[in-house]
Structures are given as C-alpha cells and as structure tokens.
Amino acid sequence: MSERTQVAIIGAGPAGLLLGQLLHRHGIDAVILEARSRDYVEARIRAGLLEQGTIETLREAGVGERMDAEGIVHGGIYLCFDHALHHIPMRELTNGRTMMIYGQTEVVKDLVAARLEAGLPLLFECEDVALDGLEHDEPLVRYRHEGAEHELRCEIVGGCDGFHGICRPTIPADALSVWGREYPYGWLGILADVAPSTDELIYAYSDRGFALHSMRSHTRSRLYVQVDPDDDIANWSDDRIWSELHQRLASDGWELREGEVLDKGITPMRSFVAAPMRYRSLMLAGDAAHIVPPTGAKGLNLAVADVTVLADALVAHFASGSDTGLDEYSDRCLTRVWRAEHFSWFMTTMLHLDPQDDAFGRELQRSQLRYVTRSTAASTSLAENYVGLPLEQTAPPAVTR
Ligand SMILES: Cc1cc2nc3c(=O)[nH]c(=O)nc-3n(C[C@H](O)[C@H](O)[C@H](O)COP(=O)(O)OP(=O)(O)OC[C@H]3O[C@@H](n4cnc5c(N)ncnc54)[C@H](O)[C@@H]3O)c2cc1C
C-alpha cells in the first residue's frame, strides 16, 4: 500500500507525539508510526519532572488540562548529606520559575488521547520500519502493519524513535559525530503505593551510594538507589531495597514511609550526543539524538524542547518555503543539549559514589555539596539549570565582530 504525508514521524514517545500535536495545530499532516502497542507505550514508567518551559509548551499544544488539574507544582529540591536535609529554594532563586511532578506516562496518555480524538493517524505495532531515499531528498518509509506492507512517502522524517531506534543508525557513519560516556553505576527504581514522605524531591549523597526520593502523585512514590549497572534485579528483595533507602536517605527528624512495591527495575546510566541532528530530510529529536543520566531530570524536557524548535521550523518550511529554521535546527538544539549534558553530568558526579574513586574524591564531593547549599551564587546556578533555562538563553551566541 502506498500513502503520502508531509511529515512521517517515527516513534510515539513524548517527542514524536508532541511533534505530531504541534504540527496538527498548524494544519500540517503527519503520520506517526510506533513499534510497540498502545498499552506498552502508555505504561512505560520513566520521567516525572516537567520544567516550566515544558509545562508551557504542553499547555500551548492543548494538552495541559489534566496536567494542570493533577500535576504537583514544586518550587525546590532537598539535598541530603551528613544526616541533614538542605533545601534549595529554586522558585526564589529563579524569579518564580517552578517545576511540576506529572508522570511521563500521563503526558503520553494525554497526547495519544488528543491524537486519536482528532482522528489523526497514529499506528501502533508497526514492524520492520525502514527509511529509504534520504540521499535524494525523497524519503520513503517502509513498514508492515497488521500483516500488510506499506510505503509512506513524505517530505520530512521526524526521527523520534529513541536511543535504540532505526533513524540514527540509518545516517551514514561519516555524516555523524558521536560523544558518550558510560557511568559505573545504574539506578534501581521502584514505584511504591504510598504517599510521598516529602513535599519535594530529596537527592541523597551517602557513604552507601546515591538515593533519590521522588513521586508521581499524592499517593505514589518513586524511589531510586544507586546500584552496579550489571546487577540483577532478582538480587534485590523489596525488604533489601527499603533497607537501603532508609539508610541512604536518613536525616535527623525525617521518616521514610514504606508501601507496596508496584514496579521495579535497573537502568544503566549514560551520556550520549550525536551531531548534527539533521541529515538531509531526516530530523532527529529527543533520545534518538542524545541521552543524559536522569539525575538532572532533563531527558523528557530536552525531547520537548527539540520538537518545539522543530515544529516552528517545519511550520515556516511548509507555510512560506523558508528553510532557515530547518538549517538552524541542529545548532539551536545542540547548544541547549550540551548545557543539559553538562548539568546532568555535574549532578551525577556530585551525588554518586564512583567505585574507582578514593577518599580524596569523596571529600571533593562533600565540599561541592556544602558549596551549592551555602553559597547563593552556586545554588542559583544549580537552580536555573534544574528548572530549565529559557529556550532563547540556550540559543547559539550571536556572531560578534
Ligand atoms: C528510569 C528513567 C528515568 C527517567 N527520568 C527522567 C526524569 O525524571 N526527567 C526527564 O526529563 N527525563 C527522564 N528520563 C528520560 C526520558 O524518559 C526520555 O528522555 C524520554 O522518554 C525521551 O523521549 P523520546 O520520545 O525522545 O524517546 P522515547 O520515550 O524512547 O520514545 C521513542 C519511541 O520510539 C519507539 N520506537 C523505537 N524504535 C522504533 C522503530 N524502529 N519504529 C517505530 N517506533 C520505534 C519506541 O517504542 C518509543 O515509543 C528517564 C528515563 C529513564 C529510563
């Protein structure tokens, strides 16, 4: 079967779904192809913290109603070390900017519902998705759906298929530069059926390793402990996980509440950037182009920022034939991406125990923690990165002569 659209979007994660929604609001046709089932995509537990810019984009895209009703606004975080909680008042430090706790699962459900209610093409369980014709700027997407072979012709491909997708590997190796770092630790995360024991996130540095107390709603807590990235989740009984959480999050006058563990898994941590984010008519966005360790809560927010820039560029392309936005797309995104890469690396290395590190390294970490909690300059720097720098502040610098 042969079909045609303006933009073929590969992947129905936050990046692909939001790109489809933003294009729809400007009357641009798109088809979204997703390898997994709707149930799988909507249940995949991942990010949960939205930056102010992400919140505003979701509202402008017409999918902010449930987020505004159910999301929990946060104005800061706690850093826990030396048995004490130290609050970083980000709202005050950043002229009123805030974050919101609203699960990626919920963002995805809202975007899927909006697309299906509008009767727009979103195909789940597509098999053998492959790109062709990029060399000649005549992109063709082949895929199999419900047993039938399809060919989708388009002008632009949105490569939103995550780190393990097919879009980035389709680009010739000599047209792409990549940078990356693997960390010697991973996160064991649990979703627990218990009200959060804290009003805002707690990032804990301890001699036993990092821990994070996060949340997904007023009744569900999300907690993490640093583990070996190759560890087997079978080694971690619920009792062992709670015991580690109690020890690592211990601080004077504060109690951790336990609850039934609904989900648990281990995720390795990695930094990765591929550039440029454009190859001819293929535009990479989100995790397809870059990965950050989750300590800075940046992955989902970067994906949203990418497709916001991309949607503007595509609107100009289809409305007036101007390709300036598409030409500048990669540079505009990468400036922001590298800022988030640095911040995520900074938070990660400040808070985790590197098994190769020595007592000197630990004292440097403690010194840095004291500095970012006691110096207004240092806590302001942490705060403005954490709540998310406005898009224009991460644009490439203007050329000066
Ligand atoms: C444990 C964990 C915790 C995290 N915490 C945070 C956080 O607190 N804050 C934050 O901002 N970020 C966080 N992240 C990162 C965030 O989840 C990702 O950055 C985000 O999902 C990126 O969205 P995306 O749409 O680019 O990619 P994805 O969400 O990976 O979506 C890509 C989609 O493409 C589909 N796909 C793949 N291959 C194909 C193919 N061949 N054909 C068709 N479809 C395909 C996939 O099934 C998937 O649905 C976390 C990630 C993890 C793993």
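Residues numbered from 1 in each chain as written. Predicted model: local features only at pLDDT ≥ 70, side-chain atom pairs only at ≥ 80, totals over all residues. Heavy atoms only, no water.

On to unusual backbone geometry, then. Glycine aside, negative phi is the norm for most residues, and most peptide bonds take the trans geometry. A cis geometry characterises the amide bond from Ala275 onward to Pro276, with omega recorded as 0°. Here Pro276 shows up in the loop between β18 (260–275) and β19 (278–279). Phi angles above zero are rare outside glycine, and Glu125 is one such case at about 55°. Mapped onto the secondary structure, Glu125 falls in the loop between β9 (122–123) and β10 (127–132). Positive phi, normally seen in glycine, also occurs at Asp128, with a value near 50°. The class of Asp128 is exposed, set by a relative accessible area of 55%. (Helix = DSSP H or I, 4+ residues; strand = E, 2+ residues; numbered from the N terminus. Buried < 20%, exposed > 50% of the residue type's maximum accessible area, 1.4 Å probe, protein only.)

Moving on: the site of the ligand. Close contacts around the ligand come from 31 residues, with Glu34, Arg44, Gln104, Asp287 and Leu300 the closest. Within the backbone of Ala297, an N or O atom sits 3.2 Å from an oxygen atom of the ligand. When the free accessible area of the ligand is taken as 1,000 Å², the share hidden by the protein chains comes to 88%. Broken down by secondary-structure element, the contributors of at least two residues to the shell around the ligand are α1 (14–24) and α9 (299–320). With four residues, the top contributor of residues to the shell around the ligand is α9. When its residues are assigned to classes, the shell around the ligand shows 14 nonpolar, 10 polar and seven charged. (Near = heavy atom within 4 Å. Polar contact = N/O pair within 3.5 Å; in protein donor to acceptor, adjacent residues only side chain to side chain. Areas by Shrake-Rupley, 256 points an atom, 1.4 Å probe, with all protein chains shown as cover. Nonpolar A, V, L, I, M, F, W, Y, C, P; charged D, E, K, R; others polar.)

Another aspect to go through is helix α11 (residues 359–374). One turn of an α-helix holds 3.6 residues; hence residues three or four places apart share an orientation. Over its 16 residues, α11 runs 23 Å from end to end, which matches the ideal 22 Å to within 8%, given 1.5 Å per residue. Taken together, the buried positions of α11 are occupied by Gly361, Gln365, Arg366, Leu369, Val372 and Thr373. End-on, the buried residues of α11 take up no more than an arc of 140°, which puts them together on one face. Exposed positions of α11 whose direction lies more than 90 degrees from the buried face are Ala359, Phe360 and Arg374. (Expected span 1.5 Å × (residues − 1). Arc of directions from axis to C-beta.)

The next point concerns the packing of α1 against α9. Running from N to C, α1 and α9 point in directions that differ by 30°, and their axes come no closer than 9 Å. Taken together, the axes of α1 and α9 are roughly parallel relative to one another. For the element pair α1 and α9, the recorded crossing hand is right-handed. From α1, Pro14, Ala15, Leu18, Leu19, Leu22 and Leu23 reach across to α9, where they touch Leu300, Ala303, Val304, Val307, Thr308, Leu310, Ala311 and Leu314. For the contact of α1 with α9, the residue count by class is 13 nonpolar, one polar and no charged. (Axes fitted to C-alpha atoms, helices over the stretch in contact; angles between N-to-C directions. Parallel < 35°, antiparallel > 145°, perpendicular 65-115°, else oblique. Left-handed = near helix turned anticlockwise from the far one by under 90°. Contact = heavy atoms within 4.5 Å.)

What follows covers the pattern of salt bridges. The tally for this structure, following the rule as stated, stands at 23 salt bridges. Of the charged contacts in the structure, one is a salt bridge between Arg144 and Glu127, with a shortest N-O distance of 3.9 Å. One end of the pair, Arg144, is in strand β11 (residues 140–145); the other, Glu127, is in strand β10, and 17 residues separate them in sequence. Here Arg144 falls in the partly exposed class, since its relative accessible area comes to 24%. (Salt bridge = Lys/Arg side-chain N within 4 Å of Asp/Glu carboxyl O.)

Ranked by internal contacts, the top residues of the largest apolar core, which has 78 residues, are Leu19, Leu23 and Val141. Examining the composition of this core, we find that 11 residues originate from one element, α9, more than from any other. Excluding residues that lie within four positions of it along the chain, Val141 makes contacts with Ala8, Ile10, Leu33, Val129, Ala130, Leu131, His150, Glu151, Leu152, Cys154 and Val157. Leu49, Tyr205, Ala297 and Met350 belong to the second-largest nonpolar core, a separate cluster that totals 35 residues. (Core = buried A, V, L, I, M, F, W, Y, C linked by side-chain atoms within 4.5 Å.)

The next subject is the side chain of Thr5. With respect to the helices and strands, Thr5 occurs in the loop between β1 (2–4) and β2 (7–10). Leaving out residues up to four positions away in the same chain, Thr5 has contacts with Asp29, Ala30, Val31, Leu152, Arg153, Cys154 and Glu155.

Strands sit in the order β7-β6-β15-β16-β17-β14-β18-β21 across an open sheet of eight strands; the sheet is mixed. The open sheet has two edge strands with one neighbour each: β7 (84–88) and β21 (290–291). As paired elements, strand β6 (residues 77–81) and β7 share five bridges and run antiparallel to each other. What sits directly across from Ile77, in β7, is Ile88. (Pairing = 2+ DSSP bridges.)

Under the counting rule described, the total for this entry stands at nine aromatic pairs. Considering the side-chain rings of Phe343 and Tyr386, the 6.4 Å spacing of their centres and the 75° angle between planes classify their relative orientation as edge-to-face. Here Tyr386 lies in helix α12 (residues 376–387) and Phe343 lies in helix α10 (residues 324–351), a separation of 43 residues in the sequence. As far as burial versus exposure is concerned, Phe343 and Tyr386 are alike and both buried. An aromatic cluster of at least three residues, connected via ring pairs, comprises Trp187, Tyr203, Phe210, Tyr224, Phe343, Phe346 and Tyr386. (Phe/Tyr/Trp six-rings, centres within 6.5 Å; stacked < 30°, edge-to-face > 60°.)

A word on the pairing of β11. As paired strands, β10 and β11 are joined by four bridges and run antiparallel to one another. Considered in β11, the bridge of Leu131 is made with Val141. As paired strands, β11 and strand β12 (residues 148–153) are joined by six bridges and run antiparallel to one another. Along β12, the bridge assignment pairs Arg144 with Glu149. What sits between the antiparallel neighbours β11 and β12 is a turn of two residues, in which Glu146 has the positive phi angle 50°.

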